Amino acid sequence: MTILYSDFANLYHAMYQTFINYDEEYIFYKSLLEKYRCNSIIEMGCGSGHPAKRFIEDNFDYTGSDISAEMLAIAKKIAPTPGCCRQICAALYQLQFLMRLQLRGEQ
């Protein structure tokens, strides 16, 4: 993992807000979710949680996963998760296993 996502996580978080329009991105994703009547989201590589905040505020069943604990720490500050939502620190290959454990109540 690059130090951009660990040692410089706060810089990454601040920098990406300057050139990505997260409101437009969210409107696009939300329109797809509504079109296909989907309320559950698993975002792999959720980073510092910019889209997560919007999904959670609109009551989507949201799960975000990122390998960087530092990025997830930022995400948990800007997008605290209610009972229906989760943020998991894991590599993509670990996510399926962790989700199964969680669904069975083992984690």
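Up top is the structure these notes are about.
The rules behind these values
- Residues numbered from 1 in each chain as written.
- Predicted model: local features only at pLDDT ≥ 70, side-chain atom pairs only at ≥ 80, totals over all residues.
- Heavy atoms only, no water.
- Salt bridge = Lys/Arg side-chain N within 4 Å of Asp/Glu carboxyl O.
- Helix = DSSP H or I, 4+ residues; strand = E, 2+ residues; numbered from the N terminus.
- Buried < 20%, exposed > 50% of the residue type's maximum accessible area, 1.4 Å probe, protein only.
- Patch = residues over 30% accessible without salt bridge, like charges linked within 9 Å, V, L, I, M, F, W, Y side chains within 5 Å.
- Areas by Shrake-Rupley, 256 points an atom, 1.4 Å probe, with all protein chains shown as cover.

Should their charged atoms come close, side chains of opposite charge can pair. On inspection of all chains with the given rule, the structure shows three salt bridges. Measuring nitrogen to oxygen at the nearest pair gives 3.8 Å for the salt bridge that ties Lys30 to Glu34. Linking Lys30 with Glu34, this pair stays in helix α2 (residues 22-35), spanning four residues, or about one helical turn. Here Glu34 falls in the partly exposed class, since its relative accessible area comes to 48%. The shortest N-O distance in the salt bridge between Asp58 and Lys30 comes to 3.2 Å.

Time to look at a nonpolar patch on the surface. Together, Phe8, Leu11, Met15 and Phe19 give the surface a local cluster of nonpolar side chains, amounting to about 400 Å² of exposed area. Counting through the fold element by element, Phe8 comes out in the segment before α1 (9-16).

What follows deals with unusual backbone geometry. Look at Arg37: it is not a glycine, yet its phi comes out positive at around 50°. Structurally, Arg37 is set in the loop between α2 and β1 (40-44). Note on Arg37: relative accessible area 79%, which makes it exposed. For Asn59, which is not a glycine, the phi torsion comes out positive at approximately 65°. Tracing the backbone shows Asn59 in the loop between α3 (50-57) and β2 (61-66). What makes Asn59 exposed here is its relative accessible area of 61%.

Everything listed here is a matter of coordinates, which is why it stays silent on function.
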